[in-house]
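Here is what each chain is made of, one letter per residue.
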Amino acid sequence: MSRWRTSAERASSIVVRMMSLAALLAAQLLALPVARAADVAAAPTAAAAPAHAAIASAHPLASAAGMEILHAGGNAFDAAVAVSAALAVVEPTGSGLTGGGFYLLHRGSDGMESAVDAREYAPAAATRDMFLDAKGEPVPGLSMESALAAGIPGEPAGMALLAKRYGRLSVAQSLAPAIKLAREGFPLSARLHDALQRSQKQFAADPEVARNFLRNGAVPAVGTIIRQPELAATLEHLARNGLESFYHGELAERLVAGVREQGGIWSVADLAEYRALERAPLVGHYRGARVVSAPPPSSGGVALIEALNVLEQLPLANIDAVTRKHFIIEAMRRAHRDRAVYLGDPDFVSVPGAMLTSSDYAAGLAASIRSDRATPSNSLPGVGAGASAGPQTTHFSVLDREGNRVAATITLNFGFGSGRMIKGTGLFLNNEMDDFSIKAGVPNGYGLVGAEANAIAPHKRMLSSVTPAFVEKGDRTMITGSPGGSLIIGLVLLATLDFVDGHSAAQIAAAPRFHHQYLPDVVRYEPDALSSDEIAALKARGDTVEPGGRRWGNLQTIVWDRASGTVEAAADPRGEGEGLVD
Ligand code: GLY
């Protein structure tokens, strides 16, 4: 164990409590302003264009769809529309038109940066306690499996914004590869096969899903061609009438009727009033690197920058490997605690984003970290759970030869959302309402707790963990992000640290992961992430350390090195994706 000591070893837990009080006061003063289109930020310098374009996504056919659009004269923003639509077809576990997410943009010509918030919002008829019973207790499954679990989708509005403001091809052109995949079919992959197998019982009982994905109630063999004619017709409707037609007229009425007949509460007005928003991305700095990520209502950018700010105060390079991991775990713990206490939709609650991402605040947090002891999560004042990881949510990264970049993390929440389809549309319903705090301190499906800031309200956006990111250091730029629910923030943090240390995209994608999310107060790790000596050393500090079960995340990373002129695109070896460089 290192003999180096942080100043916290001279401090007591009272300091932590005082810090929290100070934080609460500061929260009143430093509310994050609501960012709109006019606030989109410019990167300090517009960079020279790369010699290659690159796309990394969770499915080879989605990466190929994006490349097809680049070859047809589209830019990275058109390619992002094409990849989003193709993923909805070939990776229906991860995302879909009935979902939402965040698109982080960088325009090569002038360095403009923007975060497109296509997060779902709660229907107008949603109420704060809608998932609680008469005794005020959560009704099991209601926020995950019922039609009430579905928020109003944002993905088509986000795609429309990308196409209209930043793209150069027609929506019909960008949707064409996805329409072909839905109509002509694609070979069932092992990953989708396994996901279908896990939901086989539910799907066999639902003719809407069964006719698209099963054969006589059973999951077909890997390689079987999967055709989705109803999804193809929905995509063709959008290609003909524009992506906005998802929210108006005939299709909107069908969606609302389909949700209501399953007991949901969507209205035509909910869809008509939905808007994707452009917000100013969050920008932080870590040991000479510039880090850009998504602002609230995603917690990803705040938590990533907060954790990096804490780690910048600690001597990561000059200590033994396990103390380094201990510091990272303690930074994760504190960033996730603040996520739980403070973060929610900034259009509804005062989010102290400027405070949470300030280096002064991080200095206080770093001072509360001892090198020889874990901080019990229940000693950090907060709200008062296991993280799960499956094939839910998806991320893709795009770089074109003009230097335009997209990092997009889009989601239905859990795998296939609620697993319910809207009749005749080929669309799965998201179960994103579970990302709200349905009751203070009650963990959601990812074991994450929340409080008032993330309580349900009509047309409020539920807090997300997605962390699409650009990181620039010296001549190198990384575009990255991942699915993984509550695990996302930690794994993008590890990716950022590895990038800053000079690792390649392939090394970053393959590196084993460990995680802490404040509650439950447990360090989880992938095989090989911690040696037995390191596990023993963390336990000796007071940590509870548990193997994480299966591996997690599906990081899609592009690294562009201006000095060597190389562009590298790496799909996470845990998934079945593909990085393409052209
Ligand atoms: N639905 C997962 C997230 O947005 O965090």
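Note that the coordinates shown come from a computational prediction; the quantities given were computed from them, not determined experimentally. (Residues numbered from 1 in each chain as written. Predicted model: local features only at pLDDT ≥ 70, side-chain atom pairs only at ≥ 80, totals over all residues. Heavy atoms only, no water.)

Counting its secondary structure elements, the chain contains 19 helices and 21 strands. What you see for the chain is a C-alpha radius of gyration of 22 Å, in line with the 25 Å of a compact globule of 582 residues. Taking all 582 residues of the chain together, 63% fall into the buried category. Accessible area of the chain: about 19,200 Å², with a carbon and sulfur share of 54%. Of the side chains in the chain, 52 bear a positive and 59 a negative charge, and the two mean positions are spaced by 3 Å. (Helix = DSSP H or I, 4+ residues; strand = E, 2+ residues; numbered from the N terminus. Rg over C-alpha atoms; globule rule 2.2 N^0.38 Å. Buried < 20%, exposed > 50% of the residue type's maximum accessible area, 1.4 Å probe, protein only. Areas by Shrake-Rupley, 256 points an atom, 1.4 Å probe, with all protein chains shown as cover. Lys, Arg positive; Asp, Glu negative; His and termini not counted. Charge placed at Lys NZ, Arg CZ, Asp CG, Glu CD.)

Take the site of the ligand next. Taken together, the residues surrounding the ligand are Arg 119, Thr 411, Asn 413, Glu 432, Asp 435, Tyr 446, Ser 464, Ser 465 and Val 466. In this structure, a nitrogen atom belonging to the ligand sits 2.6 Å away from a side-chain N or O atom of Glu 432. Residue Ser 464 places a side-chain N or O atom 2.6 Å away from an oxygen atom belonging to the ligand. Here the ligand loses 99% of its free accessible area of 200 Å² to cover by the protein chains. (Near = heavy atom within 4 Å. Polar contact = N/O pair within 3.5 Å; in protein donor to acceptor, adjacent residues only side chain to side chain.)

Attention now moves to the sheet that holds strand S17 (residues 523-525). Here 3 strands make up an open sheet; going across it, the order is S16-S17-S18 and the pairing mixed. The strands lining the two open edges of the sheet, one partner per strand, are strand S16 (514-515) and strand S18 (545-547). Bridge analysis of S17 against S18 gives 3 bridges, and the strand direction is parallel. Of the residues in S18, the one forming a bridge with Val 523 is Val 545. (Pairing = 2+ DSSP bridges.)

Going residue by residue along strand S8 (residues 282-286), you find Leu 282, Gly 284 and Tyr 286 tucked away on one face and Val 283 and His 285 left uncovered on the opposite face. Judged from the 5 bridges that link them, S8 and strand S9 (residues 289-293) form a sheet pairing that is antiparallel. Residue pairing in the sheet places Val 283 in a bridge with Val 292 of S9. The loop that links S8 with its antiparallel partner S9 comprises 2 residues; one of these, Arg 287, has a positive phi angle of about 45°.

Before going further, it helps to examine the sheet that holds strand S15 (residues 476-480). Strand order in this open sheet of 6 strands is S8-S9-S14-S15-S19-S20, and the pairing throughout is antiparallel. Each end of this open sheet is capped by a strand with a single partner; those strands are S8 and strand S20 (566-571). Taken over all neighbouring pairs, the strand axes of this sheet differ in orientation by 15° on average, direction set aside. Pairing geometry for strand S19 (residues 556-561) and S20, over 6 bridges, is antiparallel. Bridging from a neighbouring strand, Trp 560 pairs with Val 567 of S20. Across the sheet, helix H13 (residues 300-312) touches S8, S9 and strand S14 (469-473), and the angle it forms with S8 is around 20°. (Axes fitted to C-alpha atoms, helices over the stretch in contact; angles between N-to-C directions. Contact = heavy atoms within 4.5 Å.)

Our next topic: the side chain of Asn 444. On the secondary structure map, Asn 444 appears in the loop between strand S13 (427-428) and S14. Here Asn 444 falls in the buried class, since its relative accessible area comes to 13%. Here the side chain of Asn 444 touches Tyr 446 through a polar contact of 2.8 Å, landing on its backbone nitrogen. Ignoring sequence-local partners within four residues, the contact set of Asn 444 consists of Asp 434 and Asp 435.

Within this structure, the stated rule accounts for 35 salt bridges. The closest approach of N and O atoms between Asp 129 and Arg 128, which form a salt bridge, is 3.7 Å. Residue classification places Arg 128 among the partly exposed residues on the basis of a relative accessible area of 43%. Where Arg 401 meets Asp 582, a salt bridge forms, and the shortest distance between an N and an O atom there is 3.7 Å. Residue Arg 401 is found in the loop between strand S10 (394-399) and strand S11 (405-411), and its partner Asp 582 is found in the segment after strand S21 (578-581); the two are separated by 181 residues along the sequence. Residue Arg 401 is classed as partly exposed on the basis of its relative accessible area, which comes to 45%. Overlapping salt bridges bring together Arg 513, Glu 526, Asp 528, Arg 551, Asp 572 and Arg 574 as one network. (Salt bridge = Lys/Arg side-chain N within 4 Å of Asp/Glu carboxyl O.)

Attention shifts here to the side chain of Glu 472. Of note, Glu 472 is situated in strand S14. The class for Glu 472 is buried, based on a relative accessible area of 15%. Polar contacts involving the side chain of Glu 472 include one to the side chain of Arg 405, which spans 3.0 Å. The residues contacting Glu 472, other than those within four sequence positions of it, are His 106, Glu 113, Gly 288, Ala 289, Arg 290, Arg 405, Thr 477 and Phe 499.

Summed over the entire model, instances satisfying the criterion amount to 10 aromatic pairs. Measuring from centroid to centroid gives 5.6 Å for Phe 77 and Tyr 166, while their planes differ by 50°, and the two rings are tilted. One end of the pair, Phe 77, is in helix H3 (residues 76-90); the other, Tyr 166, is in helix H5 (residues 155-166), with 89 residues separating them in the sequence. The pair formed by Phe 77 and Tyr 166 is uniform in burial state, with each residue classed as buried. Aromatic rings pair up to connect Tyr 121, Phe 246, Tyr 247 and Tyr 274 into one cluster. Here the basic side chain of Arg 405 rests over the ring of Phe 470, its NZ or CZ set 5.2 Å away from the ring centre. The aromatic ring of Trp 560 is capped on one face by Arg 562, whose charged end is 4.0 Å from the ring centroid. (Phe/Tyr/Trp six-rings, centres within 6.5 Å; stacked < 30°, edge-to-face > 60°. Lys NZ or Arg CZ within 6 Å of the ring centre and 35° of its normal.)

Turning our eyes to something else, we now look at unusual backbone geometry. Each neighbour pair has its own omega, and for Pro 296 with Pro 297 the value is 15°, a cis peptide bond. As for its placement among the helices and strands, Pro 297 is situated in the loop between S9 and H13. That bond from Leu 519 to Pro 520 is cis: its omega, -5°, falls within 30 degrees of zero. With respect to the element layout, Pro 520 can be found in the loop between S16 and S17. Unusually for a residue other than glycine, Asn 413 sits at a positive phi of about 80°. Within the secondary structure, Asn 413 sits in the loop between S11 and strand S12 (421-422).

Another point: the nonpolar core. Counting 82 residues, the largest nonpolar core has Tyr 103, Leu 175, Phe 396 and Val 406 as the members making the most contacts within it. For this core, the element with the highest residue contribution is H3, accounting for 11 residues. (Core = buried A, V, L, I, M, F, W, Y, C linked by side-chain atoms within 4.5 Å.)

Considering every residue of the chain, the mean pLDDT works out to 91; 90% of them sit at 70 or more. Predicted confidence for residues 1-39 stays below pLDDT 50, and this span has 70 contacts to residues more than four positions away or in other chains. (pLDDT = per-residue confidence, 0-100.)

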